[in-house]
Amino acid sequence: MAVVEDVVRDGKTSGGAFVAPGRAGSLVDVKPRYENFIGGRWVPPAKGQYMQNISPVTGHPFTEVARSTAEDVELALDAAHAAKDAWGESSLAERAAVLNAVADAIEANLTMLAVAESWENGKPVRETLAADIPLAVDHFRYFAGATRSLEGRSTEIDKDTVAYHFHEPLGVVGQIIPFNFPLLMAAWKIAPALAAGNCTVVKPASPTPWSILKLAEVIADIVPPGVLNIVTGPGGEIGKALASSPRIAKIGFTGETTTGRLIMQYAAENLIPSTVELGGKSPNIFFSDVMDQDDRFLDKAIEGLVLYAFNKGEVCTCPSRALVQESMYDRFMERCLDRIGRITQGDPLDPTTMLGAQNSAQQLEKITGYVDIGVQEGAEVLIGGERTLLDGDLVDGYYFEPTVMKGHNDMRIFQEEIFGPVLAVTTFTDEADAVRIANDTLYGLGAGVWTRNGNLAYRMGRAIKAGRVWTNCYHLYPAGAAFGGYKISGVGRENHLMMLDHYSQVKNLLVSYSDEPLGFF
Amino acid sequence: MDEVYRGVPVTMSRVVGTPAALDAIGRVVAERGPIMFFQSGGCCDGSLPMCFGEGEFVIGGHDVRLGTVGGCPFWIDHRQFEAWKHTQLILDVGAGDPEGFSIAAGEGHHFLTRSRVFTGDELSVLEEAQPPS
């Protein structure tokens, strides 16, 4: 952990870790409190209430954010509605320029935002530097490009009649962001909404409202006032006020299934569309031919299994069910457990740290509870299984050991998203068995397949009921690859050109160029 | 743990509450009227029970009512019930604000679900009392 008196250079201590936000020498300024970002300005909450924001790195509060109420959501909706006509009529070139400028500003502040995101969420800064923030930059650039390619279609119905189809914005949309990727998931939602000409009111997750406000500081002068509005506060109060508002034309949500259903219920009441991404229990399947040679590919496959610990397992698509072919189970798992045993856990702001802090005390408690259920169900703990107690400033942080439990697919640790660094591993005999186990789940968001046999990989990829099947890779999230769920993992897709359709409505002009009456009357 | 469910002894109900949960329910109900619980699944806070005002969340024809806790109905999705039915759900209270749109279990606290794996004998009795409705 950063020691304040330590030598500071480029925002780092002599030990190499980034200085914690708000401390002398840090790259990240922290104000004592943050207001809502509405209409391009910082607006205090109507009722004047604030709530503490905790860093999971230390388990202690480091700033305050607005504890908003429904009145603040209305203010944000007012600002968005005031801005929607001008933004909706802006040219594709103008929208693309704004999105590109947002990307440039994020890129210019990449290290600052990476440190802020790590402090906010608990994820290792090596991930935010190499994945979260660069991917957010790329996402804005992708949709800047995508919007320039927007084309309506026209159909010659007959020689005198033409059907023109125009993309028109929905108007004002509501977007609710999860805590696991506070900035990247915000980018996933905001970029396509703006690209399609909408204004948005964003509600960050209650535990992670701050880093997106740091993003707002960076882009406040770039995005026209009212196009992007951010309101922080409790979900039960403002999440509900936003999702149930008759003043939004669409709601986008990432989170758990019950709130997902509630979002769709509110959308039904207002007869508006919704996009919901609700998590998974993704299988990561390893066929025995990965061990045919001891080479780079095997090394990649081993890392592929260990990727369950990426972002501390707090990923909707966490490959948290490893299915390993029986014939190589012992040999393969020996290599994997060796790799897992060498995971370094500690200060998330240290670029050498691989495993950071869980996002909240609630999450830590849940993970502990699941390990307990697994043990009750007869699963065997192969490694880990306990809370990690660090010292110094990190003593109250939310750390959990990288954990692997062996069991069978009917156990709850195989059926429910634990959202922690806990891998449930089991074996399969052959291709049919692998497909059966992989699909024996309520969810269908992600999956991984590892084999040297291309035909087998293709058959598996088509047989698994999931929206994304990573083949000989995992946890890649490039803009341009559609992302979304089968089964109860959600409705809709993100991360792709098709999002512009999801954030648009189609206007058809049916035009007659004939002078002839129909002749009916 | 004040519940009797279809004549099944209280300790074998599919869902029970700790004294802290019953206490919190009493206070929440006194403050805002009847409430309901729906066990969530999936991403983020997926294993938490969501607490709503009664009727706020529309129950579907296939949802399973596991029982009541402190007089409040506790529901779960039927597919999730199939995956969870070998465990007893124990409603409890933890520190920290609730997630999703859930009502808090008092200021700065949230409801949570702990679990206990039923014994074989308990499961036989429960299956005779099936299906929950």
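The model shown is predicted, which means the values in this text are computed figures rather than measured ones.

Caption draft 1: Quick peek at the overall build of chain B. Looking only at helices and strands, one finds three helices and seven strands in chain B. Ordered by position in the sequence, the α and β elements of chain B form the string β-α-β-β-β-β-α-β-β-α. Expressed as a percentage of its 133 residues, the buried residues of chain B come to 48%. Within chain B, residue pairs in contact and separated by at least 24 positions form 58% of the contacts whose partners lie at least 6 positions apart.

Caption draft 2: The overall build of chain A, seen in detail. Helix and strand counts for chain A stand at 15 helices and 27 strands. Split into buried and exposed, the 521 residues of chain A put 57% on the buried side. Restricting the contact set of chain A to residue pairs at least 6 apart, pairs at least 24 apart contribute 69%.

Caption draft 3: Molecular detail of the interface of chain A and chain B. Listed as interface residues are 37 residues of chain A and, on the opposing side, 34 residues of chain B. The set of elements that each furnish at least two residues to the side of chain A that touches chain B consists of α7 (235-243), α8 (257-270), α11 (361-376) and α12 (412-415) of chain A. With seven residues, α11 of chain A is the largest single contributor of residues to the side of chain A that touches chain B. Residues that form the side of chain A that touches chain B fall into these classes: twelve nonpolar, 17 polar and eight charged.

Caption draft 4: Quick peek at the pairing of strand β13 (residues 251-254) of chain A. Residue and element names in this part refer to chain A. Both faces of β13 are covered, namely the face carrying Ile251 and Phe253 and the face carrying Gly252 and Thr254. The pairing of strand β10 (residues 172-176) with β13 spans three bridges and is classified as parallel. Looking across to β13, one finds that Gly174 is bridged to Ile251. Pairing geometry for β13 and strand β14 (residues 274-277), over four bridges, is parallel. Along β14, the bridge assignment pairs Phe253 with Val276. In the classification by handedness, the crossover that spans β13, the intervening α8 and the parallel β14 is right-handed.

Caption draft 5: Structural view of the sheet that holds strand β3 (residues 49-53) of chain B. All names here are of chain B. Pairing within the open sheet is mixed, and its four strands lie in the order β3-β2-β5-β4. Bordering the open sheet on either side are β3 and β4 (64-69), each of which pairs with just one other strand. Mean inter-strand twist for the sheet, computed between neighbouring axes without regard to direction, equals 25°.

Caption draft 6: Up close: the nonpolar core. Of all hydrophobic cores here, the largest spans 192 residues; its most connected members are Leu99, Phe140, Leu183 and Phe286 of chain A together with Phe37 of chain B. Phe140 of chain A has contacts with Leu99, Val102, Ala103, Ala187 and Ala191 of chain A, leaving out every residue within four places of it along the chain.

Caption draft 7: Examining helix α6 (residues 210-219) of chain A more closely. The buried count for α6 of chain A comes to eight of ten residues, which makes it a mostly enclosed element. Those residues of α6 of chain A that sit buried are Trp210, Ser211, Ile212, Leu213, Lys214, Leu215, Ala216 and Ile219 of chain A.

Caption draft 8: Broad picture of the environment of Ile54 of chain A. All names here are of chain A. Within the element layout of this structure, Ile54 appears in strand β6 (residues 50-55). With 24 C-beta atoms packed within 10 Å, Ile54 lands in the buried category. Residues Ile54 and Pro207, spaced 153 residues apart in sequence, show a C-alpha to C-alpha distance of 7.4 Å. Setting aside its immediate chain neighbours within four residues, Ile54 contacts Gly59, His60 and Pro61.

Caption draft 9: Focus on the packing of helix α4 (residues 125-148) of chain A against helix α5 (residues 184-195) of chain A. Residue and element names in this part refer to chain A. Packing of α4 against α5 brings their axes to within 9 Å, and their N-to-C directions diverge by 10°. As summarised for this structure, α4 and α5 are arranged roughly parallel, according to the angle between their axes. Seen from α4, the contacting residues are Asp132, Leu135, Ala136, His139, Phe140, Phe143, Ala146 and Thr147; seen from α5, they are Leu184, Ala187, Trp188, Ala191, Pro192 and Ala195. Residue composition of the contact of α4 with α5, grouped by class: eleven nonpolar, two polar and one charged.

Caption draft 10: Up close: the pairing of strand β11 (residues 199-203) of chain A. Residues and elements named next belong to chain A. The buried fraction of β11 is high, at five of five residues. Side chains Cys199, Val201 and Lys203 project from β11 onto one buried face, and the interleaved Thr200 and Val202 project onto a second face that is buried too. In this structure, β10 lies alongside β11, joined through five bridges in parallel fashion. Bridging from a neighbouring strand, Val173 pairs with Thr200 of β11. Between the parallel elements β10 and β11, the chain passes through α5 in a crossover that is right-handed. Considered for its hand, the β-α-β crossover made up of β11, α6 and strand β12 (residues 228-230) is right-handed.

Caption draft 11: Structural view of unusual backbone geometry. Residue and element names in this part refer to chain A. The residue Phe419 is not glycine, and still its phi comes out positive at about 60°. A positive phi angle, near 60°, is found at His475, a position not held by glycine. Its location among the elements puts His475 in the loop between β24 (468-471) and β25 (486-487). Residue His475 is classed as partly exposed on the basis of its 18 C-beta neighbours within 10 Å.

Caption draft 12: Region of the structure containing the sheet that holds strand β9 (residues 161-169) of chain A. Residues and elements named next belong to chain A. Strand order in the open sheet formed by three strands is β8-β9-β27, and the pairing between neighbours is antiparallel. Edge positions in the sheet fall to β8 (153-158) and β27 (504-512), since each has one partner strand and no second. Averaged over all neighbouring strand pairs, the angle between strand axes comes to 25°, with direction disregarded.

Caption draft 13: Fine view of the packing of helix α9 (residues 296-306) of chain A against helix α10 (residues 329-341) of chain A. Residues and elements named next belong to chain A. Direction vectors running N to C along α9 and α10 enclose 60°, while the axes themselves pass 9 Å from each other. The way α9 lies across α10 gives a crossing that is right-handed. Contact residues: Ile302, Leu305 and Val306 in α9; Arg335, Cys336, Arg339 and Ile340 in α10. Split by residue class, the contact of α9 with α10 holds five nonpolar, no polar and two charged.

Caption draft 14: Broad picture of the environment of Arg95 of chain A. Residue and element names in this part refer to chain A. As for its position among the elements, Arg95 is in helix α2 (residues 92-108). The class for Arg95 is buried, based on 23 C-beta atoms found within 10 Å. Placed 396 residues apart in sequence, Arg95 and Val491 show a C-alpha to C-alpha distance of 27 Å. Among all residues touching Arg95, those that are not within four sequence positions of it are Ser90, Thr147, Leu194, Ala195 and Gly197.

Caption draft 15: A look at the environment of Glu82 of chain B. With respect to the helices and strands, Glu82 of chain B occurs in helix α2 (residues 78-84). The spacing of Glu82 of chain B and Gly42 of chain B is 40 residues in sequence and 15 Å in space, taken between C-alpha atoms.

Caption draft 16: Molecular detail of the confidence of the model for chain B. For chain B, the mean per-residue pLDDT works out to 88, and 89% of the residues sit at or above 70. Interface scoring of the predicted complex returns ipTM 0.92; its pTM is 0.95.

Caption draft 17: Quick peek at helix α1 (residues 19-32) of chain B. All names here are of chain B. In this model α1 runs 20 Å from its N-terminal to its C-terminal C-alpha over 14 residues, within 8% of the 20 Å that 1.5 Å per residue would give. In the core, the buried residues of α1 are packed alongside β1 (15-17), β2 (35-39), β4, β5 (72-76), β6 (87-95) and β7 (109-117). Gly33 sits one or two positions beyond α1 and adopts a positive phi of about 90°.

Quick notes on the rules
- Residues numbered from 1 in each chain as written.
- Chains lettered and ligands numbered in written order.
- Predicted model: local features only at pLDDT ≥ 70, side-chain atom pairs only at ≥ 80, totals over all residues.
- Helix = DSSP H or I, 4+ residues; strand = E, 2+ residues; numbered from the N terminus.
- Buried ≥ 20, exposed ≤ 12 C-beta atoms within 10 Å, placed from the backbone.
- Contact = placed C-beta atoms within 7 Å.
- Nonpolar A, V, L, I, M, F, W, Y, C, P; charged D, E, K, R; others polar.
- Pairing = 2+ DSSP bridges.
- Right-handed = clockwise from strand over helix to strand, strands pointing away.
- Axes fitted to C-alpha atoms, helices over the stretch in contact; angles between N-to-C directions.
- Core = buried A, V, L, I, M, F, W, Y, C linked by C-beta atoms within 7 Å.
- Parallel < 35°, antiparallel > 145°, perpendicular 65-115°, else oblique.
- Left-handed = near helix turned anticlockwise from the far one by under 90°.
- pLDDT = per-residue confidence, 0-100.
- Expected span 1.5 Å × (residues − 1).

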